[in-house]
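Residue-level structural notes
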Amino acid sequence: MIRGNALVTGASRGIGSATAVRLAELGADTVVVHHRNSPEAAERTAEAVRQAGAEALCVAADLEEADAVDAMFVELGRDLGSLDVLVANAAASSFKPLLDTHDENIRRTSRITVNALLQCVRAMTSLTETGGAIVVVSGIDVSQAMVGHGLLGSMKAAAETLSMYLAAELGPRGFRVNAVRPGLTLTDSARTYSERVFGDSAEFERLLVSLTPARRAGTPEDVANVIGFLCSEEGAWINGQVLVADGGLSAVSPTDLITSGRRSDQ
Ligand SMILES: NC(=O)c1ccc[n+]([C@@H]2O[C@H](COP(=O)([O-])OP(=O)(O)OC[C@H]3O[C@@H](n4cnc5c(N)ncnc54)[C@H](OP(=O)(O)O)[C@@H]3O)[C@@H](O)[C@H]2O)c1
């Protein structure tokens, strides 16, 4: 059960979109569907939120721009009064080997993943005096080195650590802060990534399924269910934690993955 209003950043597609719908199913009053520059996709999410029983409001703001984020919260404060749930999901980065990155790549990834996270939490907690739930969407690139993910994985690691400190600092005011660390999840961005590093996203998906203990690939809804639980009253005793949501893949040792990879080739 979720009470009050929720904001999901990066909700125009993928995990953010599925999360917006899940929060509506769990009882949120209004779900704010944030995007950067995808009004039609955001409106499709908003329609699905309404179908699931909540009010929906689309807002656009580039998280790289501090002024745009401030303006978004002024609008939300005026239209909604309070925000009880914040899901910091939006992400973007340049996927290069670390030594090919420039200061500008570091600045932009940091701005979206770290600075905007703190800015959103500051604004959300000043709107809401009665406490609430915050979930940071991290990624498995925090604990496993993935091709081209050095920058994003490092910034997500910072975001996870921030969520732990925020849990300790904001707990006495009634806020819970947790992180979800998804494994590879079937979104448009993940398919683009697998196409780029592997060459064939369908074959990549087949191998992923064969190596995952659950014997299927993760969907946006799988991750949204975990986020929804952490935001809900049923998750009230969980604070300052990171939940891995990957169907068990990260629990398998590399030697077993090599062995089962060879079996799936035969
Ligand atoms: N998919 C995976 O396999 C996977 C695995 C682990 C972790 N994750 C994490 O899960 C989250 C969602 O992933 P996804 O694959 O569902 O995402 P996605 O399809 O890439 O969608 C990204 C979302 O972030 C928004 N966004 C991007 N840059 C922005 C900016 N500068 N300002 C504001 N919004 C911005 C996009 O808005 P527009 O549409 O307007 O551009 C979009 O709504 C991310 O944090 C990602 O790192 C994903």
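Residues numbered from 1 in each chain as written. Predicted model: local features only at pLDDT ≥ 70, side-chain atom pairs only at ≥ 80, totals over all residues. Heavy atoms only, no water.

- For the chain, the name recorded in an unreviewed UniProt entry is SDR family oxidoreductase, with Terrabacter carboxydivorans as its organism.
- Entered under Sequence similarities (unreviewed entry) in the UniProt record, the comment concerning the chain runs "Belongs to the short-chain dehydrogenases/reductases (SDR) family." (UniProt positions renumbered as here; feature names shortened; annotations may be inferred.)

**Some remarks on helix α6 (residues 188–198)**
- Residues of α6 that are buried include every one of Ala190, Tyr193 and Ser194, and no others. Take α6 and look down its axis: the buried residues cluster within an arc of 95°, on one side only. Along α6, the residues that are exposed and aim more than 90 degrees away from the buried face are Asp188, Thr192 and Arg196.
- The elements touched by buried residues of α6 are α7 (201–211). (Buried < 20%, exposed > 50% of the residue type's maximum accessible area, 1.4 Å probe, protein only. Helix = DSSP H or I, 4+ residues; strand = E, 2+ residues; numbered from the N terminus. Arc of directions from axis to C-beta. Contact = heavy atoms within 4.5 Å.)

**Points about the packing of aromatic side chains**
- Enumeration according to the criterion identifies one aromatic pair in this entry.
- A ring pair is formed by Phe198 and Phe204, whose centres lie 5.5 Å apart and whose planes are at 65°; its orientation type is edge-to-face.
- The exposure class of Phe204 is buried, given its relative accessible area of 19%. (Phe/Tyr/Trp six-rings, centres within 6.5 Å; stacked < 30°, edge-to-face > 60°.)

**Things to note about the site of the ligand**
- Lining the immediate surroundings of the ligand are 30 residues, of which Ser12, Ser38, Asn89, Lys156 and Ser189 lie closest.
- In the environment of the ligand, an oxygen atom lies 2.6 Å from a nitrogen or oxygen atom belonging to the side chain of Ser12.
- Compared with its free state, where it exposes 910 Å², the ligand has 92% of that area covered by protein. (Near = heavy atom within 4 Å. Polar contact = N/O pair within 3.5 Å; in protein donor to acceptor, adjacent residues only side chain to side chain. Areas by Shrake-Rupley, 256 points an atom, 1.4 Å probe, with all protein chains shown as cover.)

**Some points on the sheet that holds strand β2 (residues 30–35)**
- Taken in spatial order, the seven strands make up an open sheet running β3-β2-β1-β4-β5-β6-β7, and their pairing is parallel. The two strands at the open ends of the sheet, each matched to only one other strand, are β3 (55–60) and β7 (242–245). Adjacent strand axes in the sheet meet at a mean angle of 20° when their direction is disregarded.
- Note that β2 and β3 share six bridges and pair parallel. (Pairing = 2+ DSSP bridges. Axes fitted to C-alpha atoms, helices over the stretch in contact; angles between N-to-C directions.)

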